[in-house]
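Each chain, letter by letter, is given below.
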Amino acid sequence: MKYYHPLLLTPGPTPVPEQILHATQLPMVGHRSSDFESIAEEAFRALKPIFGAKNDVIILTSSGTSSLEASMLNLANPEDDIVIIVSGAFGNRFKQIAESYYENVHIFEVEWGKAVNVPDFIDFLKSLNRQVTAVYSQYCETSTAVLHPVNELGHALKNYDPSIFYVVDGVSCIGAVDVDLERDQIDVLISGSQKAIMLPPGLAFVAYNDRAKARFAEVTTPRFYLDLNKYLKSQAEHSTPFTPNVSLFRGVNAYAQLVNEEGFEQVIRRHYAIRDALRQALTALDLNLLVDEAYASPTVTAFIPNSKEELNYIKTELKKRFAITIAGGQGHLKGEILRIGHMGQISPFDILQVVSALEILLTEYRNQSYIGTAITQYTEVIKAYV
Ligand SMILES: *Cc1c(COP(=O)(O)O)cnc(C)c1O
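Being a predicted model, the structure only gives us computed values, none of them experimental.

Peer 1: How should I be thinking about the packing of aromatic side chains in this particular structure?
Peer 2: Ring pairs (aromatic) are described by centroid distance and by the angle formed between their planes. Inspection of every chain in the model, using the stated rule, returns 14 aromatic pairs. For the pair Phe224 and Phe242, a centre-to-centre distance of 5.8 Å together with 45 degrees between the ring planes defines the contact as tilted. A residue pair is termed long-range when its members are at least 10 positions apart, and Phe224 in the loop between α9 (210–218) and α10 (228–235) and Phe242 in the loop between α10 and α11 (246–262) qualify at 18 residues. Taken together, Phe224, Tyr225, Tyr231 and Phe242 form an aromatic cluster joined through their ring pairs. Looking at Arg211, its charged tip hangs above the ring of Phe165, at a distance of 3.9 Å from the centre.

Peer 1: Just checking my understanding: could you explain the UniProt feature "domain: Aminotransferase class V" (unreviewed entry) in the protein chain for this structure?
Peer 2: The feature "domain: Aminotransferase class V" (unreviewed entry), as annotated in UniProt, sits at residues 28–330 in this numbering. In residues 28–330, the share of helix is 45% and the share of strand is 18%. The end C-alpha atoms are 38 Å apart.

Peer 1: Is there a simple way to explain helix α7 (residues 150–160) in this structure?
Peer 2: Three- or four-residue spacings in an α-helix give side chains the same orientation, since the helix completes a turn every 3.6 residues. Restricting attention to buried positions, one finds in α7 the residues Val150, Leu153, Gly154, Ala156, Leu157 and Lys158. Looking at the buried side of α7, the elements it contacts are β3 (81–86), α6 (118–128), β5 (132–138), β8 (165–169), α8 (181–184) and α9.

Peer 1: What's the story with the domain arrangement of the protein chain in this structure? I'm lost.
Peer 2: You'll often see interface size given as the accessible area lost when the parts meet. Domain parsing of the protein chain yields domain 1 (7–13 + 264–385) and domain 2 (18–261). For domain 1 versus domain 2, the separation of C-alpha centres amounts to 28 Å. Taken together, the contacts link 27 residues of domain 1 with 28 residues of domain 2. Across the domain 1 to domain 2 interface the summed buried area is about 2,200 Å²; carbon plus sulfur atoms make up 67%. Summed over the three residues of domain 1 that lose the most area to domain 2, namely Phe264, Tyr295 and Gln330, the buried surface amounts to 28% of that side. For the interface between domain 1 and domain 2, the tally reads 0 salt bridges. There are 4 residue pairs in polar contact (both at pLDDT 80 or more) connecting domain 1 and domain 2. Elements represented by at least two residues in the side of domain 1 that touches domain 2 include exactly α12 (264–284) and β12 (300–304). Sort the elements by how many residues they give to the side of domain 1 that touches domain 2 and α12 lands first, with 5 residues. Of the residues contributing to the side of domain 1 that touches domain 2, the split by class is 16 nonpolar, 10 polar and 1 charged.

Peer 1: In this structure, what is going on with the state of the cysteines? I would like to understand it.
Peer 2: Simply put, disulfide is the name for a covalent bond between the sulfur atoms of two cysteines. Evaluation of the coordinates by the stated rule reveals 0 disulfides. Not engaged in a disulfide, the cysteine Cys140 finds its nearest cysteine sulfur in Cys173; these two sulfurs lie 5.5 Å apart. Looking at Cys140, the relative accessible area reads 2%, which means it is buried. Given the relative accessible area of 0%, Cys173 is considered buried.

Peer 1: Would you mind showing me how to read the side chain of Asn55 here?
Peer 2: For Asn55, the position within the fold is in the loop between α3 (48–51) and β2 (58–61). Of note is the side chain of Asn55, whose polar atom sits 3.1 Å from the side chain of Asp210.

Peer 1: Can you help me understand the site of the ligand in this one?
Peer 2: For the ligand, the set of nearby residues contains 13 residues, the closest of which are Ser63, Thr65, Thr142, Asp169 and Lys195. Here Ser63 contributes a side-chain N or O atom positioned 2.5 Å from an oxygen atom of the ligand. Between the ligand and the protein, one listed contact pairs a nitrogen atom with a side-chain N or O atom of Asp169 at 2.7 Å. A total of 380 Å² of accessible area belongs to the ligand in isolation, and the protein chains cover 91% of it. For the shell around the ligand, the elements supplying multiple residues, two or more each, are α4 (64–73) and α5 (89–101). Top element by residues in the shell around the ligand is α4. It accounts for 3 residues. Residues that form the shell around the ligand fall into these classes: 4 nonpolar, 6 polar and 3 charged.

Peer 1: How should I be thinking about the packing of α12 against helix α14 (residues 348–366) in this particular structure?
Peer 2: For any two helices packed against each other, one specifies the inter-axial angle together with the distance between the axes. One can describe the packing of α12 onto α14 by two numbers: an axis separation of 11 Å at closest approach and a directional angle of 10 degrees. On the basis of the axis angle, α12 is roughly parallel to α14. Taking contact as the criterion, the partners of Ile274, Leu278, Ala281 and Leu282 in α12 are, on α14, Pro348, Ile351, Val355 and Leu358.

Reading the values: the criteria
Residues numbered from 1 in each chain as written. Predicted model: local features only at pLDDT ≥ 70, side-chain atom pairs only at ≥ 80, totals over all residues. Heavy atoms only, no water. Phe/Tyr/Trp six-rings, centres within 6.5 Å; stacked < 30°, edge-to-face > 60°. Helix = DSSP H or I, 4+ residues; strand = E, 2+ residues; numbered from the N terminus. Lys NZ or Arg CZ within 6 Å of the ring centre and 35° of its normal. UniProt positions renumbered as here; feature names shortened; annotations may be inferred. Buried < 20%, exposed > 50% of the residue type's maximum accessible area, 1.4 Å probe, protein only. Contact = heavy atoms within 4.5 Å. Domains from an automatic or database assignment. Buried area = accessible area lost by both parts, 1.4 Å probe. Salt bridge = Lys/Arg side-chain N within 4 Å of Asp/Glu carboxyl O. Polar contact = N/O pair within 3.5 Å; in protein donor to acceptor, adjacent residues only side chain to side chain. Nonpolar A, V, L, I, M, F, W, Y, C, P; charged D, E, K, R; others polar. Disulfide = S-S within 2.5 Å. Near = heavy atom within 4 Å. Areas by Shrake-Rupley, 256 points an atom, 1.4 Å probe, with all protein chains shown as cover. Axes fitted to C-alpha atoms, helices over the stretch in contact; angles between N-to-C directions. Parallel < 35°, antiparallel > 145°, perpendicular 65-115°, else oblique.

Dropping the structure here:
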């Protein structure tokens, strides 16, 4: 049977809506022209409510990792102490960047699949007995599908020492969660284009408060392309310091329009409804969930097949027979878990397809009928939403 509509359910890149694709294909304009200035002005401003930021959001033409790197080079001086919460592959990425530039890097390890325990983390900070400049955490740790308690962490951190800069990597959830820099006590919030913001890959975003902005100007760590002061200076003139990805800037504006049409609160609700329904469905398929309900991300769900062979069967057959792409695990969870991304322009009924396909595949593989069981559970949850 041939499927004509491939379904991309990886936790980035995500399917790009028609309207965004169209916007990115419009004829090129000069990046030093008034045409681009009006595109850029709109894009910087359009992202503010998505990031819960008062200042215009910086847009870098580079992948999400560049914003992780920029958030270090522009906040920490070479001799500063910085702390990184590592709970998965992307925490590790922060660690690798930090260790490329800094001597005094402290790592707080969290078991993969768990969320950071805030009181334990504050005890760890105290035990360091150092003046810490900045703390780095993921919001959603994509590799494990955990959503960290970013608000609780922000408050505890600022209560402990208000001078610490709190940096949050929201690459895999901004656009699908309720966030507010001031309320959540975040100084710098970063993201990328190809996940919940549903653009093609190629842009990175940096939201910041006034205190962080002042700090960017003081820090002496060498940097060139990622010197955020250059971007701030250009931004004031509705421009960028280097040639921007003009097409994707247009995509940002098309994205903002789609969010406005649906309503941002509704977008968030949709992501959580899909999360809840999918977790029910996977449980009905006798698949274990990696993450407790309290910390389950609304953008990606990780589950544990009964064996490595079953895992490979699911992943390969979904792709081969149903044209559905899901993701495996990363690091030591490779071969242990599968991850279904459900962020961006994903409807409850898109996910119904993977639930239905899983029923068929597990019925075959386990020689036990699951037909109708998971979709019933799924639809029971979704009906309250639609
Ligand atoms: C995808 C991702 C990144 C890296 O983004 P790239 O665009 O691949 O550089 C960083 N952090 C998190 C949490 C991610 O999910």
